[in-house]
Every structure is written in C-alpha cells, then in structure tokens.
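Below are the chains, spelled out letter by letter.
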Amino acid sequence: MESAQNTSLNGERLSKEFNDLQEKEKEIEQQLDAEINEIKNLKKRLLDLPKIHENFCILDSDTKQLYTVLDTSTKLSEKINLQIQQLDIARLRVSECQKRVQDLLDLQLCSEGVQNALKNENYEQAAVHVHRFLAMDQQLLKQTADDMAQDCAAVSQSMKLLRNAAAMLQNKISLHFKEAITVSDIESVKRFFKLFPLINMHEYGLENFGIFLRKMIKNTVSEKLNDIKSSNTKDKKNNMIFADAITFLFEEMAQLIVEHQPLVETYYGLDGLVDIMNTLQKECDLLSDKIVAEFKSQRDMNVKLHTIHEISRSSSSKTEYIDPKDIDMLLNEITLIHARFGLYLKFIHSLITKHIGPENEKFEKIIYDLKNANTNNNITKQMQILIGDYLLLERYYMEQSIKKAITMDTCDNDALISTMVDDIFFIVKKCIRRGYSSGNIDAVCAIINNTCAMLETDVCNTLRQQLRQGYSVGYLDLTQAYNMIQGRLQQMDTEQNKLLFLAYLNNCDVCCEYTNMLLTTLTDELQCSTKNEKEKLESCLSGFASVSSTFSTVKDYGLQQIKSSVVKPRVAPWVDNFLAVSHQLSFEEFSSYEANEPFIRSLIMNLEILLSEFKPRLTPSNYDSFILIIADEVMSQLEKDILKTDFNRMGGLVLDKEIRTLVTYLSNATSWSIRDKFSRLTQIAVVLNLEKVTEIQEYWGTENCSFTWRLTPKEIRQFLLLRKDFRAEDIKRLKLM
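Residues numbered from 1 in each chain as written. Predicted model: local features only at pLDDT ≥ 70, side-chain atom pairs only at ≥ 80, totals over all residues. Heavy atoms only, no water.

J.: Describe the overall build of the protein chain, naming the residues involved and giving the relevant values.
T.: Secondary structure summary: the protein chain contains 24 helices and 0 strands in total. Expressed as a percentage of its 737 residues, the buried residues of the protein chain come to 41%. Residue pairs at least 24 apart in sequence account for 78% of intrachain contacts in the protein chain once pairs closer than 6 positions are excluded. (Helix = DSSP H or I, 4+ residues; strand = E, 2+ residues; numbered from the N terminus. Buried < 20%, exposed > 50% of the residue type's maximum accessible area, 1.4 Å probe, protein only. Contact = heavy atoms within 4.5 Å.)

Dropping the structure here:
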C-alpha cells in the first residue's frame, strides 16, 4: 500500500519536472530565434557599409568645394566692406567741407543781414542771423578760410561784427522786454520772449517771463482780495466770498498755464514749461496763504476752534456755547474751498498726463508736491490744515445739532414717531454729503465714523433711556386690582406718556430702517477714484450695520417692556379662561360647545380689542412684532393650561378647532408668517385628537407625517395621559424613538 503511494508521488513529481523542462525549452527556443534574427539584421547592415562609405566620400568632396567658395566670398566681402568704409569717410569729409563753405557764406550773409535788421529794428530777423552765427564753430571758420586761401582778416572782421551785433541785440531785446513787462504789454512780452532762445538767453527769458506772469496773477488776485477786505464779509450775501476768491485764483492759474503752455513748450521745451509752472505755483502758494489767512481772520475760525476745544475739555454749563447755525455756512465754504483745490489738482494732473506725458520726472514731482502736505508746497499744507479744522467743526456741528434735535423733540398725537428722527437723519445726511463735496475721501470716512459713533451713543442712549421708563398702564382690570392689593401695581402714567413710549419705540424701528436706507444710498452716491479709497470707504460704511443692529436691540428692549407691562397681565387671565371650560364632553355637549365656542370667541374678542388699541400707534414692523409677542405669550400660557386639563376625544376635537381658529385669526392680523409659532400647539392638538393610542405610530417617524415634530417622546406621552379615555398601560407600551 505504501509502495503504491510512493509510486504515485514520484509520478506526480516527475510529471511536474517534465512540464518545467518543456517551458524552459520553449524559452530557450524563443531566445535562439531572437538571436538568429539579430544576426540576419547585422548581415544586412554589413552589406550596406560599402554604399555608406561611398556616400561619405562624395559628401567630403562637396564639403571641401563649399569651403573654397565660402572662403572666396568672405575675402571678397571684406574688400567690398573696406571700400564702403572708405567711401563713407570720403562722404563725411565732403559733407564737412560743404558745411564749412556754407558757414563761410552764411557768415558773410549774417554779417550784412544783422546790420540791416538792427537798423530797421527787425529784431526777429536779427535774432535769426545771430542764432545762425552762434551755432557756427568759429575756430573751424578760420581754418577753412586758410585752407581755401581766403582773407582771414575779412572773416575775423565779420566775426567781430557779429559778436558786437549779438551783444547789442541781447541788450536791446532785454531792454524792450523789461519795458513791456513794466507797462504789462502782453503782446510785446510774448514777442521778445520768443527771441531769447535764439540769442542764448534761455534762463534770462524764463526767469523774467515767470516774474511777469507772477505779477499778472498777483495783481488780479490782490485786487480781488482787497475787494473782500473792504466788503462786509459777515453779510449773508458774502457767505461764499472766500471760496469765490480761491476759485478765482485757481481759475487764473489754470488760464495762464493753458494760454502760455504752447508758447513756452515750443520755444523752451518741456523743461522750460516745468520752470514756468513751478514759478507760478510759488505765487499761487503765497496768494492762497493770504486768502486762507484772511478767511480764518474774517470768519473768526481760530476763536471758534478755541471755544470748541474748551467745550470738549470742560463739562461746565458756563462754557461759552456756539450755535451750530453759526458755523453751518462756514463749513459749506470750507468744503467748497477744498473742492476747488481738488479740481485744480485734477486740472494739473490732466494737463500733464494728456498733453505732456507722465514720463517726465519733473512733472511727476509737481503732481507729487501738490498731493502731499509733507513737501514744501504751502497750498497743500494749508488745505490739509483747513480740512483738519473742518473735521473738528463738522463734528461739533453734528454733535450739537443732534443734541438740539433731541432737546427740541416733540410728538404729535397723530404722528407715529417724534420729530427727532427726521431731524437727526437729515443732519447726518447733510454732514456726510457735505464732507463728500470736499473731494477728500479721508474727510468723508472721518465724518462717517463720527456719525456711527453718535448714532450708537447719543441717539441710542436717548431712546433706551425713554424706553427704560416702561409703558405706563392706564387701565384697571381684575388682575391689576389683585396686584394693587398685593402692592405690586406700578404708578399709572398719563396717556401722553404712553404715546411718548410708543413713539420712541417707533423711533427705534424707523431709525433702523433709515440707517439701512442711508447705507444703501451712500454706497451708490459716494464714488471713489482708486481701489484703495473704495476699500477704505466700504470699511467705514460697514459701521452702519452695527448701528442698525444697536437700534434693533433697543427696539427689542422696548417690545419686551410692552410684553411685561401689557401683554402678560392681559393675556394670562384671558387664556386662563380655558381652565374654566371642561374638555371631557359628551356628544350633546360637544355640539353645544361647537356652536357657541365661548373660550375662543372671548379670547379673540379680547385680542381684537388689544390689537386695535396698538395698531394705529405702531409702525407696521413694530405692530407685526407686537403680534408675534402676543402669539408667543398665548402659545406659552395655553400650553401650560392644557397640561392642567383633562380631555376625551370630543375635547380633543374642540381643542383642535380652537387652535386652528386662533392661528387663522393671528395669521390674518399680520403680514408675517406666524403659523410656525403655533407648531407645538398644533401638534398637541393632533396628539389629543387621536382615536386610539396606537394611532400615534402612524405620525411618528413615518413618511406619512407632513410636519417635523416639535414634541419629544416624553412630551407626547405626557399629553396622551391627559386623555382620560386612554389607558396608561397602552401609553407606556408605545415605542417612540
């Protein structure tokens, strides 16, 4: 037996080894085939070697021939290039000779022409001849005369004559130029100003022309300033006279630059134009200093600023008070002055970028100096100081105007809000728009930040302080009579105090609405020229969202005051009438109850009276919030009373109808969705309206249920136990997970 098994095992082993040998044999055969194919390929390549060698020989021969051709071409091109260079040198020498000869001829012509021009006082022609002479190389002229065997004495005589003529011409043109400046003869000034570059007096011409232009603008603006000093600047008719003066200055500056730009640029180039603009800007600085100084003096700005500083430091009522109306026109004038400066900056920037080009560093420096107060530019510093004073004055104006609006606040019997709301937001919009009209985005941002701070502090605190006094209840019912006996009734206020409380509650709602509207309006109105300015402005405007939230918080506080003083005391006894009605009804009692509905009709009637009392006195939003408060209180109180009541199936049907009626009434009373508030009561009615205990399984955790349960399993069992016709054992066996 063992022998047979060994034989079988040996056979399997031998069979396996045989198979392995066959596979190795196949692999070896495949390798041999591959080697044989490779040998065949090598033989074919060896047969092709003679042909390849022959081709390489031909290629070598062609390469040598090509090298010979290229070498010949290179040598030929070098020869040609050398000949061309020699021709260029010869051409340059011929051209130079022609120029020397022409200079000699021109020298004679200039010598004769300048004398005739001076005799005829034709300074333009004389300047042309002198300019031609000054452009010549006098050493080369003598050398050329020697080379041409001409009389050097004649050339020297002509040169001496032209030098004297040039000096004489420079003196005469300078003299006539000064005379024209003295008598303000603009045409003669321009005539001689054009000639200075021809006689090598560029700097002299620019300097004196700049002096002439400064004199022109100084005379016209000084005359305007003298008129201001002689007039009654405190007259209402002259409330913008300084803004007009500085506008006049900027317009004169712009007109002078535009009028003389082509002349200066044509004869003196861009550098000359830069010099003239810098010269004019210096005069503009001096004149603007005078205007601003006179403005501050006549408008008593320093006195007002000192008084405002004293008011901010001292809390004493004895400190001198400045009426906001007294600085209103002053603020308007400051913003107009700064706006005109902004227009002037835009004009300079437009002139440089459109007509001249921004690549010139000197022009870029002009723009930089005008935009930065840290430079030596006086007008920019003045405007920076002026805008800083404006912000202090504007802050005071806004603060005092808001306080005045609060102090003078009144409320008409027919009005939903008091007068302070419209007054405050009128002031706020006026100040922000006035700041924007200055053209300074930093000023606008500062005013917006001040606005948000004042609305959140002064205005919100005023509203909160009034609402903190509570809503005075001016009626007596049984509950209040009971509270009076217990000593918890608050002192009754007058009807006027109730109206004032509701008006301030409406103020909160309208302030919140106005703040959101202001944010939207300003976002559309306030435009920025750069991305950085836009981001800065958006950051400041975001503060209005916080202000709106604060107003909303104060409004909620006021609504809670109404809830505690009005809604809870009234609603609680009305809903407690539910306990006086039995909800274990027979069929006959059910029919009678359904026909009369004593509880729900009484509750709705009382709610109708309460709502009619507040509807004409509240804004739509506050009225809807008031209904939500009533709904919350009714729901909370009714749920408590349901837990104190026993039910049967008929009582459950009655409860379901009562809740549906109540939800329908309150839903029709408000524009907001209110059904979600009664979700728990509706589900309680579903639980108490079941025919049998196990029916709850059809609603709980199944796809047939059309609502999300607000009741927990524990609460469902708690309400099912109120059904006295259900067994407690059946309720305990329910599987609600």
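J.: I'd like to hear about empty space enclosed by the protein, residue by residue, with values.
T.: Summed over the entire model, instances satisfying the criterion amount to 1 cavity of 30 Å³ or more. Leu 213, Leu 256, Ile 257, His 260, Gln 261, Val 264, Leu 273, Ile 276 and Leu 280 are the residues that line the largest cavity. By residue class, the composition of the lining of the largest cavity is 7 nonpolar, 2 polar and no charged. (1 Å grid on protein atoms, 1.4 Å probe; cavity = no way out; pocket = protein on both sides within 12 Å on 5 of 7 lines; lining within 4 Å. Points joined across faces, edges and corners; volume = space filled by probe spheres on them. Nonpolar A, V, L, I, M, F, W, Y, C, P; charged D, E, K, R; others polar.)

J.: So what's going on with the environment of Phe 647? Which residues, and what values?
T.: One can find Phe 647 in the loop between helix H20 (620-643) and helix H21 (649-669). Given the relative accessible area of 0%, Phe 647 is considered buried. Spatially, the C-alpha atom of Phe 647 lies 6.1 Å from that of Lys 724, the residues being 77 residues apart in sequence. When neighbours within four sequence positions are excluded, Phe 647 is seen to be in contact with Phe 578, His 583, Gln 584, Ile 642, Gly 652, Leu 655, Leu 688, Leu 722, Arg 723, Lys 724 and Asp 725.

J.: Give me the nonpolar core: which residues, what numbers.
T.: Ranked by internal contacts, the top residues of the largest apolar core, which has 175 residues, are Phe 209, Leu 249, Ile 424, Ile 448, Phe 551, Ile 562 and Ile 642. Ranked by the residues each element gives to this core, the list is headed by helix H7 (residues 241-298), at 22 residues. Those residues in contact with Ile 424 that sit more than four places away from it in its chain are Ile 402, Ala 405, Ile 406, Leu 455 and Val 459. (Core = buried A, V, L, I, M, F, W, Y, C linked by side-chain atoms within 4.5 Å.)

J.: I'd love a proper account of the side chain of Thr 247, names of residues and values included.
T.: Note on placement: Thr 247 falls in helix H7. Polar contacts involving the side chain of Thr 247 include one to the main-chain carbonyl oxygen of Ala 243, which spans 2.6 Å. (Polar contact = N/O pair within 3.5 Å; in protein donor to acceptor, adjacent residues only side chain to side chain.)

J.: Could you give an account of the environment of Glu 252, with specific residues and numbers?
T.: Among the structural elements, Glu 252 can be located in helix H7. Along the backbone, Glu 252 and Cys 284 are 32 residues apart, and their C-alpha atoms lie at a distance of 9.7 Å.

J.: Talk me through unusual backbone geometry; I want residue IDs and the actual numbers.
T.: At Asp 300, a position not held by glycine, the phi torsion is positive, near 55°. You can see Asp 300 is positioned in the loop between H7 and helix H8 (301-313). Here Asp 300 falls in the partly exposed class, since its relative accessible area comes to 31%. One non-glycine residue, Glu 597, lies in positive phi territory at about 45°.

J.: Let's hear about the layout of surface pockets: which residues, and what values?
T.: Put simply, the largest pocket is a space of about 1000 Å³. Around the largest pocket, the lining comprises 30 residues; the ones closest to its centre are Leu 345, Gly 439, Asn 440, Ile 441 and Glu 533. For the lining of the largest pocket, the element with the highest residue contribution is helix H9 (residues 324-356), accounting for 9 residues. Here the lining of the largest pocket is composed, by residue class, of 11 nonpolar, 13 polar and 6 charged.

J.: Would you mind going over the packing of helix H17 (residues 543-576) against helix H19 (residues 598-614) in detail, with residue names and values included?
T.: Between H17 and H19, the least distance of the axes is 10 Å, while the angle of their chain directions is 160°. When the axes of H17 and H19 are compared, the pair comes out roughly antiparallel. Helix-helix and strand crossings are classified by hand; for H17 and H19 the assignment is right-handed. Contact residues: Ile 562, Val 566, Arg 570, Trp 574 and Val 575 in H17; Phe 599, Leu 603, Asn 606, Leu 607, Leu 610, Glu 613 and Phe 614 in H19. (Axes fitted to C-alpha atoms, helices over the stretch in contact; angles between N-to-C directions. Parallel < 35°, antiparallel > 145°, perpendicular 65-115°, else oblique. Left-handed = near helix turned anticlockwise from the far one by under 90°.)

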